Amino acid sequence: MSISSADRAIIRHRARFACEYCGVTESEVGAELTLDHYRPMSEEGADSLENLAYVCHRCNEHKGAYWPRIQSDLPLWNPRQDVREEHFISLMDGTLAALTPIGVWTIRRLRLNRTPLVQNRLLRQAQTDKDRQLRQYQDTARLLVELLAQQENLLREQQELLEEYRRILHVLGGPE
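From a predicted model like this one, the values you see are computed outputs, not experimental measurements.

J.: Any details on the overall build of the protein chain? Residues and values, ideally.
T.: Summing up its helical and strand segments, the protein chain has 6 helices and 4 strands in all. Here the C-alpha radius of gyration of the protein chain, 30 Å, is well above what a compact globule of 176 residues would show, namely 16 Å. Seen along its three principal axes, the alpha-carbon backbone of the protein chain occupies a region of about 105 × 35 × 30 Å. Going through the 176 residues of the protein chain one by one, you find that 30% of them count as buried. Taking the intrachain contacts of the protein chain between residues at least 6 apart in sequence as the baseline, contacts between residues at least 24 apart amount to 57%.

J.: Requested: an account of the environment of Lys63, with residues and values cited.
T.: With respect to the element layout, Lys63 can be found in helix α3 (residues 57-63). For the pair Lys63 and Tyr21, spaced 42 residues apart in the sequence, the C-alpha separation amounts to 10.0 Å. What Lys63 contacts, discounting residues up to four positions off in sequence, is Tyr21, Asp36, His37, Tyr38, Pro40, Leu76, Arg109 and Leu110.

J.: How would you summarise the packing of aromatic side chains if you had to cite specific residues and measurements?
T.: According to the stated counting rule, one finds 4 aromatic pairs in the structure shown. Taking 5.6 Å as the distance between ring centres and 85° as the angle between the ring planes, the aromatic pair formed by Tyr38 and Trp67 counts as edge-to-face. On the criterion of sequence distance, the pair formed by Tyr38 in the loop between β1 (34-37) and β2 (52-55) and Trp67 in the loop between α3 and α4 (84-87) is long-range, its members being 29 residues apart. There is no split in this pair, since Tyr38 and Trp67 are both buried. Considering the side-chain rings of Trp77 and Phe88, the 5.4 Å spacing of their centres and the 85° angle between planes classify their relative orientation as edge-to-face. Taken together, the positions of Trp77 in the loop between α3 and α4 and Phe88 in strand β3 (residues 88-90) put the pair 11 residues apart, joining distant regions of the chain. Phe88 carries the same exposure label as Trp77, and that label is buried. One aromatic cluster is present, built from ring pairs that chain together Tyr21, Trp77 and Phe88.

J.: Describe the pairing of β2, with residues and values.
T.: Because side chains alternate across β2, one face comprises the buried residues Leu52 and Tyr54, and the other comprises Ala53 and Val55, equally buried. Sheet topology note: the β1/β2 ladder contains 4 bridges and is antiparallel. In the sheet register, Thr34 faces β2, and the bridge partner there is Val55.

J.: Give me the nonpolar core: which residues, what numbers.
T.: Counting 26 residues, the largest nonpolar core has Cys19, Tyr21, Cys22, Cys56, Cys59 and Leu112 as its most contacted members. Elements with a contribution of two residues or more to this core: β2 and α5 (101-110). Take this core: its biggest share by element is 4 residues, from β2.

J.: I'd love a proper account of the environment of Asp131, names of residues and values included.
T.: Relative to the helices and strands, Asp131 is located in helix α6 (residues 115-172). In sequence terms Asp131 and Ser48 are 83 residues apart; their C-alpha atoms lie 38 Å from each other.

J.: Tell me about the pattern of salt bridges, residues and numbers included.
T.: Proximity of charged atoms lets side chains of opposite charge pair with each other. Within this structure, the stated rule accounts for 13 salt bridges. Notably, a salt bridge pairs Glu32 with Arg12, separated by 3.6 Å at the nearest N-O pair. Highlighted residues: Glu32 in the loop between α2 (26-29) and β1 and Arg12 in helix α1 (residues 5-14), separated in sequence by 20 residues. Arg12 gets classed as buried once you look at its relative accessible area, which sits at 18%. Residue Glu146 is joined to Arg142 by a salt bridge in which the shortest nitrogen-to-oxygen separation is 3.2 Å. Here Glu146 and its partner Arg142 are both found in helix α6, 4 residues apart, which amounts to about one turn of the helix. Under the relative-accessibility criterion, Glu146 is labelled partly exposed at 37%. You can call Arg142 partly exposed: its relative accessible area is 42%.

Analysis parameters
- Residues numbered from 1 in each chain as written.
- Predicted model: local features only at pLDDT ≥ 70, side-chain atom pairs only at ≥ 80, totals over all residues.
- Heavy atoms only, no water.
- Helix = DSSP H or I, 4+ residues; strand = E, 2+ residues; numbered from the N terminus.
- Rg over C-alpha atoms; globule rule 2.2 N^0.38 Å.
- Buried < 20%, exposed > 50% of the residue type's maximum accessible area, 1.4 Å probe, protein only.
- Contact = heavy atoms within 4.5 Å.
- Phe/Tyr/Trp six-rings, centres within 6.5 Å; stacked < 30°, edge-to-face > 60°.
- Pairing = 2+ DSSP bridges.
- Core = buried A, V, L, I, M, F, W, Y, C linked by side-chain atoms within 4.5 Å.
- Salt bridge = Lys/Arg side-chain N within 4 Å of Asp/Glu carboxyl O.

Now the structure itself:
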């Protein structure tokens, strides 16, 4: 494989530094990932940016040099061309469920429901939930501060009106 460092940087950035198949990030595995030919070189694949995916070592290992050889063979999901949400859905238990035959085949071939990936998805879901709750708490706190400021303004206006009322009563000679 003769990929320039500039092309490698483009591919890493395009993939957001995560495996394009399973989603684990460089920071989660503690290292850069690897480049994989979606269509293997042994099956006339090229070193083009469209054919290269940024993947973790385990997905690369499970994919191997797979390429459909006969009409009935299914292709793997192509992160370069296919929309993930059309083929997979993440379930609350951290597993991926397939929505299409290509999704079924990809999950099976790449073992996308292996235990560490399921645990990783659950951790991400928990972190996403925490982040959402934190944003809600921050929004609530901001609204409370705004409400307190409005309440202070209303109290100040009420005091001014009471003072005005006292002055009017005093001018009219009524009780203060």
